[in-house]
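# Examining the three-dimensional arrangement
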Amino acid sequence: HGEFGWDPASWLYVLQEWTWEWYGWLTVPLVPFWHYAGASDTGCLFAILWWCKFPDAGPGGKCDKQFYKKWLPVRVKYVMWTTFLWSC
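Because the structure is predicted, anything quoted here is derived from the model rather than measured.

### Some thoughts on the overall build of the chain
- Tallying secondary structure elements over the chain gives four helices and zero strands in all.
- Each helix and strand of the chain, ordered N terminal to C terminal, gives the series α-α-α-α.
- Within the chain, the fraction of its 88 residues that count as buried is 19%.
- In the chain, the share of contacts with a sequence separation of at least 24, taken over all contacts with a separation of at least 6, comes to 44%.
- As displayed, the chain offers around 7,600 Å² of accessible surface, 70% of which is attributable to carbon and sulfur atoms.

Below, the structure written as structure tokens:
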């Protein structure tokens, strides 16, 4: 994690950060539940975090100018397509 710099999902990997110690094995029973919750690189929780945090804010913390022209239409199309697929 963190390969591309800023990563909104850094907190998802807290259980992995201290697993080099013997007590890291205490978290092994949590792995299936944590993975089922979507706390992996391709999981639902990870996707929701990126959905909420991307694209980065523009200068002064304002909304990115490309958000309404580029990102919002793509997101709306994606949600409509996914909803259609799940409704079939």
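### Remarks on the environment of Tyr-68
- Looking at the element boundaries, Tyr-68 is found in helix H4 (residues 66-87).
- For Tyr-68, a relative accessible area of 57% corresponds to the exposed category.
- Contact partners of Tyr-68, with chain neighbours within four places excluded, come to Cys-63 and Pro-73.

### Side note on the confidence of the model for the chain
- Per-residue confidence for the chain averages 75 on the pLDDT scale, and 73% of its residues sit at or above 70.
- Ranking the helices and strands of the chain by mean pLDDT puts H4 first, with 86, and helix H1 (residues 14-17) last, with 66.

### Some points on H4
- For H4, built from 22 residues, the straight-helix expectation of 32 Å at 1.5 Å per residue is met to within 8% by its first-to-last C-alpha distance of 31 Å.
- Of all the bends found along H4, the most pronounced is centred on Leu-72 and spans about 35 degrees, while Pro-73, a proline, follows it within four residues.

### Considering the packing of aromatic side chains
- A full pass over the atoms with the stated rule returns one aromatic pair.
- Judged by centre distance (5.7 Å) and plane angle (35 degrees), the ring pair of Trp-81 and Phe-84 falls under tilted. Placement of both Trp-81 and Phe-84 in helix H4 is noted, with a separation of three residues, approximately one turn of the helix.

Conventions used here
- Residues numbered from 1 in each chain as written.
- Predicted model: local features only at pLDDT ≥ 70, side-chain atom pairs only at ≥ 80, totals over all residues.
- Heavy atoms only, no water.
- Helix = DSSP H or I, 4+ residues; strand = E, 2+ residues; numbered from the N terminus.
- Buried < 20%, exposed > 50% of the residue type's maximum accessible area, 1.4 Å probe, protein only.
- Contact = heavy atoms within 4.5 Å.
- Areas by Shrake-Rupley, 256 points an atom, 1.4 Å probe, with all protein chains shown as cover.
- pLDDT = per-residue confidence, 0-100.
- Expected span 1.5 Å × (residues − 1).
- Bend = angle between axes of the 7 residues up to and from the residue.
- Phe/Tyr/Trp six-rings, centres within 6.5 Å; stacked < 30°, edge-to-face > 60°.

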